Amino acid sequence: MPLLLGCLSVGFNLVRATQVAQFANDAGHQYAYGIDFTQASAQQMLVTLATGLNFSLSGGTGVVIFSTVLMVGPNDCTAGGLQANTGSCPNLNQTVFTQWYKVGNTALYNSTYGTPPAANPTTGIINSSSYLVNTSGRASGVTSLMSLSASQSIFLTEVYFSSSDYNITGFSTGNGVYARAIF
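The structure contained in this document is the topic of the report that follows. No experiment lies behind these values; they were computed from the predicted model shown. (Residues numbered from 1 in each chain as written. Predicted model: local features only at pLDDT ≥ 70, side-chain atom pairs only at ≥ 80, totals over all residues. Heavy atoms only, no water.)

## Some remarks on the nonpolar core
Item 1. If you look at the biggest cluster of nonpolar residues, it comprises 24 residues, and the most contacted ones within it are Val-72, Cys-77, Cys-89, Phe-97 and Val-142.
Item 2. Looking at this core, the elements with two or more residues in it are strand S1 (62-71), strand S2 (95-104) and strand S3 (153-162).
Item 3. For this core, the leading source of residues is S1, giving 5 residues.
Item 4. Counting 19 residues, the second largest nonpolar core, distinct from the first, contains Ala-24, Ala-27, Phe-37 and Ala-50. (Core = buried A, V, L, I, M, F, W, Y, C linked by side-chain atoms within 4.5 Å. Buried < 20%, exposed > 50% of the residue type's maximum accessible area, 1.4 Å probe, protein only. Helix = DSSP H or I, 4+ residues; strand = E, 2+ residues; numbered from the N terminus.)

## Here's the deal with helix H2 (residues 40-49)
Item 1. Every buried residue of H2 is accounted for by Ala-42, Gln-43 and Leu-46. Taken down its axis, H2 places every buried residue within 100° of arc, on the same side. What points out from H2, more than 90 degrees from its buried face, is the exposed set Ala-40, Ser-41 and Thr-48. (Arc of directions from axis to C-beta.)

## Some details on the sheet that holds S3
Item 1. Taken in spatial order, the 4 strands line up as S2-S1-S3-S4 in an open sheet, and their pairing is antiparallel. Only two strands of the sheet have a single neighbouring strand rather than two, namely S2 and strand S4 (176-182). Each strand of the sheet is rotated relative to its neighbour by a mean of 15°, with strand direction disregarded.
Item 2. Where S1 lies against S3, 9 bridges are found, and the strand directions are antiparallel. Its bridge partner lying in S3, Val-64 is registered against Val-159. (Pairing = 2+ DSSP bridges. Axes fitted to C-alpha atoms, helices over the stretch in contact; angles between N-to-C directions.)

## Overview of the environment of Gly-87
Item 1. Following the sequence through the fold, Gly-87 ends up in the loop between helix H3 (74-79) and S2.
Item 2. Look at Gly-87 and you get exposed, because its relative accessible area is 57%.
Item 3. Sequence spacing of Gly-87 and Tyr-178 is 91 residues, and the spatial spacing of their C-alpha atoms is 37 Å.

## Points about the packing of aromatic side chains
Item 1. Applying the stated rule across the entire model yields 10 aromatic pairs.
Item 2. Measuring from ring centre to ring centre gives 5.0 Å for Tyr-31 and Phe-66, while their planes differ by 50°; the resulting arrangement is tilted. Taken together, the positions of Tyr-31 in helix H1 (residues 2-32) and Phe-66 in strand S1 put the pair 35 residues apart, joining distant regions of the chain. The pair Tyr-31 / Phe-66 is uniform in exposure class, with both members buried.
Item 3. Judged by centre distance (4.6 Å) and plane angle (10°), the ring pair of Tyr-109 and Tyr-160 falls under stacked. Residue Tyr-109 is found in the loop between S2 and helix H4 (128-131), and its partner Tyr-160 is found in strand S3; the two are separated by 51 residues along the sequence.
Item 4. Since its relative accessible area comes to 23%, Tyr-109 is described here as partly exposed.
Item 5. Judged by relative accessible area, Tyr-160 falls into the buried class, the value being 11%. (Phe/Tyr/Trp six-rings, centres within 6.5 Å; stacked < 30°, edge-to-face > 60°.)

So this is what it looks like as structure tokens:
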């Protein structure tokens, strides 16, 4: 009986992991194509995509974090009114968030790659005067995922769902399932 219960718990969590990975891929694909998930209609699409995962816009067991990450190059510094080689652009050759926002149960999970300090709460857009000079807006660890050239951006979608409903005391005590998609 313990072996059966353990197998059921692991099996349910594997199914959840597959669902979360597919959801991350679908949401990330739409984000990369320009869907604005700060809008209520687009957020409702997320609820539909996450059918069966208990995702809601006000609570639920999941959160989606949308990020646009830029590798700051000399042209970005110049366009922001800074001189790249004088030290006035401290994020030169660093990955920074240029847009960042959460949808769903926002208290459930924080981004693996950091949290920018100055995102507009309505649009998620971060002002260039902030992301070029504010070192706390860096997206740490992104370059370990993929190499970026100067001025190149990626769309990063992170998804986390709690899986405590599939845990059986004494057999599986995982906290949740995480997946990411990069476009």
